[in-house]
Amino acid sequence: MPGGLVALFDDVAVIARAAAASVDDVGVAASKAGSKAAGVVIDDAAVTPNYVTGFTPDRELPIIAKITRGSLFNKLVILLPAALLLSAFLPWSITPLLMLGGAYLSYEGAEKVMEWLTGEEHGETLEDPIEDMALFEKQRVSGAIRTDLILSAEIMAITLSTVADETLIVRAGVLALVGVAITVCIYGAVALIVKMDDIGLHLAERERESTRRFGRWLVNAMPKVLTVLSTVGTVAMLWVGGGIILHGLEELGLHGPAELAHGIQHAVELATGALSGVLGWLTYAALSAGVGLVLGYAIAVLLHKVLKIGASH
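One numbering rule holds for all chains: residues counted from 1, following each sequence as written. Totals for whole chains, interfaces and linings use every residue, but because this is a predicted model, local features are given only for residues with pLDDT of at least 70 and side-chain atom pairs only at 80 or more, for both listing and counting. Excluded from the side-chain calculation are hydrogens and water; included are all heavy atoms of the structure.

**Q** An account of the overall build of the protein is needed here, citing residue identities and associated values.
**A** Within the protein one finds nine helices and zero strands. Summary of the burial criterion: residues with accessible area below 20% of their type's maximum are buried, those above 50% are exposed, and those between are partly exposed, where the area comes from a 1.4 Å probe applied to protein chains only. Relative to its 313 residues, the protein shows a buried fraction of 38%. Contacts are assigned to residue pairs with any non-hydrogen atoms lying within 4.5 Å of each other. A separation of at least 24 residues holds for 77% of the contacts in the protein among residues at least 6 apart in sequence. Only the protein chains shown count as cover for residues, with accessible areas throughout obtained via the Shrake-Rupley method and a probe of 1.4 Å. Per element, the accessible surface of the protein, about 17200 Å² overall, is 69% carbon and sulfur. Only DSSP runs of H or I covering at least 4 residues are called helices, and only runs of E covering at least 2 are called strands; the numbering of each starts at the N terminus.

**Q** Tell me about helix α9 (residues 276-306), and name the residues and values.
**A** To estimate how far a helix should extend, the number of its residues minus one is multiplied by 1.5 Å. Taking 1.5 Å of rise per residue, the 31 residues of α9 would be expected to cover 45 Å, and the 43 Å separating its terminal C-alpha atoms lies within 8% of that figure. As for α9, its buried residues are in contact with α4 (94-118), α7 (209-251) and α8 (256-271). Two residues or fewer past α9, K308 is found with a positive phi of approximately 60°.

**Q** With reference to specific residues and values, describe the pattern of salt bridges.
**A** For this analysis, a salt bridge means a side-chain nitrogen from Lys or Arg found within 4 Å of a carboxyl oxygen belonging to Asp or Glu. Under the definition given, this model contains seven salt bridges. For the salt bridge of K195 with E60, the shortest nitrogen-to-oxygen distance reads 3.4 Å. Of this pair, K195 sits in helix α6 (residues 168-204) while E60 sits in helix α3 (residues 57-89), placing them 135 residues apart in sequence. We classify K195 as buried; its relative accessible area is 16%. In this structure, K66 engages E137 in a salt bridge whose closest nitrogen and oxygen atoms are separated by 3.0 Å. Residue K66 is found in helix α3, and its partner E137 is found in helix α5 (residues 133-162); the two are separated by 71 residues along the sequence. What makes K66 partly exposed here is its relative accessible area of 33%. The exposure class of E137 is buried, given its relative accessible area of 9%. Through salt bridges with shared partners, one network takes in E209, R212, R213 and R216.

**Q** Requested: an account of a nonpolar patch on the surface, with residues and values cited.
**A** Judged by side-chain polarity, F73, L76, V77, I78, L149, V180 and V184 come together as a nonpolar surface patch covering roughly 550 Å² of accessible area. Those elements giving two or more residues to the nonpolar patch turn out to be α3 and α6. Considering every element that reaches the nonpolar patch, the biggest residue donor is α3, with four residues. As for its position among the elements, I78 is in helix α3. A patch consists of residues whose relative accessible area exceeds 30% and which take part in no salt bridge; residues with like charges are grouped when within 9 Å of each other, and nonpolar side chains (Val, Leu, Ile, Met, Phe, Trp, Tyr) when within 5 Å.

**Q** Talk me through the packing of aromatic side chains; I want residue IDs and the actual numbers.
**A** What describes a pair of aromatic rings is the distance from one ring centre to the other and the angle between the planes of the rings. Two rings from Phe, Tyr or Trp (for Trp, the six-membered ring) form a pair when their centres sit within 6.5 Å of each other. Planes less than 30 degrees apart are called stacked, planes more than 60 degrees apart edge-to-face, and all others tilted. With the rule as written, the count across this model stands at two aromatic pairs. Relative to W217, the ring of F214 lies with its centre 5.9 Å away and its plane at 20°, an arrangement referred to as stacked. Note that F214 and W217 are positioned in helix α7 at a spacing of three residues, about one turn of the helix. On the basis of relative accessible area, W217 is assigned to the exposed category, the value being 53%. Measuring from centroid to centroid gives 5.4 Å for W239 and W281, while their planes differ by 75°, and the two rings are edge-to-face. Here W239 is found in helix α7, whereas its partner W281 is found in helix α9, with 42 residues between them in sequence. The partly exposed category is assigned to W239, whose relative accessible area is 23%.

**Q** Please provide a residue-by-residue account of the side chain of K75, values included.
**A** If you trace the backbone, K75 turns up in helix α3. For K75, the side chain forms a polar contact with the side chain of S152, separated by 2.9 Å. Setting aside residues up to four positions removed in sequence, K75 forms contacts with L80, D148, S152, M156, G179 and T183. Nitrogen and oxygen atoms within 3.5 Å of one another constitute a polar contact, given that in protein one can donate a hydrogen and the other can accept it, and given that sequence-neighbouring residues count only through two side-chain atoms.

**Q** Any details on the packing of α8 against α9? Residues and values, ideally.
**A** Axis lines are fitted through C-alpha atoms, for helices just across the contact stretch, and the angle between N-to-C directions can take any value from 0 to 180 degrees. Closest axis-to-axis distance for the α8/α9 pair is 8 Å, and the angle between their directions is 155°. Compared by their axis directions, α8 and α9 come out roughly antiparallel. α9 is crossed by α8, and the crossing has right-handed handedness. The residues of α9 that touch α8, namely those facing A261, H262, I264, Q265, V268 and E269, are S276, L279, G280, W281, T283, Y284 and L287. For this classification, under 35 degrees means roughly parallel, over 145 means roughly antiparallel, 65 to 115 means roughly perpendicular, and everything else is oblique. Note on convention: the crossing is left-handed when the near helix lies turned anticlockwise from the far helix by less than a right angle, right-handed when the turn is clockwise.

**Q** I'd love a proper account of the nonpolar core, names of residues and values included.
**A** Working definition of a nonpolar core: buried Ala, Val, Leu, Ile, Met, Phe, Trp, Tyr and Cys residues. They are joined through side-chain atoms within 4.5 Å. Core analysis: the biggest nonpolar cluster contains 18 residues, and I64 and I67 have the highest contact counts within it. Those elements that provide at least two residues to this core are α3, α5 and α6. In this structure, L79, A83, L160 and L175 belong to the second largest nonpolar core, which totals 16 residues.

**Q** Can you tell me about α8, naming the residues and giving the values?
**A** Taking 1.5 Å of rise per residue, 16 residues should cover 22 Å, and α8 covers 23 Å from first to last C-alpha, within 8% of that figure. Within α8 the residues assigned to the buried category are A258, A261 and Q265. The arc that holds the buried residues of α8, viewed along the axis, is 70°, so those residues lie on one side. When the buried face of α8 is taken as reference, the exposed residues oriented beyond 90 degrees from it are E259, L260, L270 and A271. The positive-phi residue at the C-terminal boundary of α8 is G273, with phi of around 55°. In this context, the arc is that of the directions from the helix axis out to the C-beta atoms.

Here you go:
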């Protein structure tokens, strides 16, 4: 009996060590995958505040909570099992799916640029009259969750491509960890952003003059912050989308575009000395954004001008 217990304890210790190693592997892989998905995260955080525009302050946090729950459902219930099945049975499909998502991000970013340049809007706008606020809220939440599904799919695909060679347990753990961490970070930041003007108003009513000044500064700064976020989100869509396309073409055997972009990047690095790392990265990001803009513009013209889908108004 003691021998059996010792053997059992040995087995438990082996399992515990394996589990600890898996946790370490998950943590390292999740950190690496999360950094690769950073561009999509920036885009998601920049896009989401638009979905609470037009609502009274008391509805902003409940709406963000609904979108957060929908985002977790997207990542953990829909996308995580789908990603694991793809990696197990159709691993070749990951790159084309990534490129499809990259094309979508490029299209979204290019459409924003076209709207800035022409003043045309595509699809429904917030200026349309709101007759039923409850229905409007439901539609906005549904729209945000649909957008999140696409962006989450891109995050999960990028994550999966990073850990494709790991074991099934590590892949599942990384996907779950990245999915939950990114969701909490994105929607926590969004909640803070959309309530910042309310915080500013509250501070502006305090007794201390310095506090009131800071509160007024917050209120006045928020429109500029939202504008910057919108711009950053658009740039991130084009940069990430174009970069995914370049990398995907390289994976599929078409090396020319990516090699040209990397060649220009290396030339900039050689010419810029101490700033070579930063300027080289910025060069490749700018070239990726250019690829995304051209591709996205072509898709937008095809949809809006040729197929008459989502025509401007």
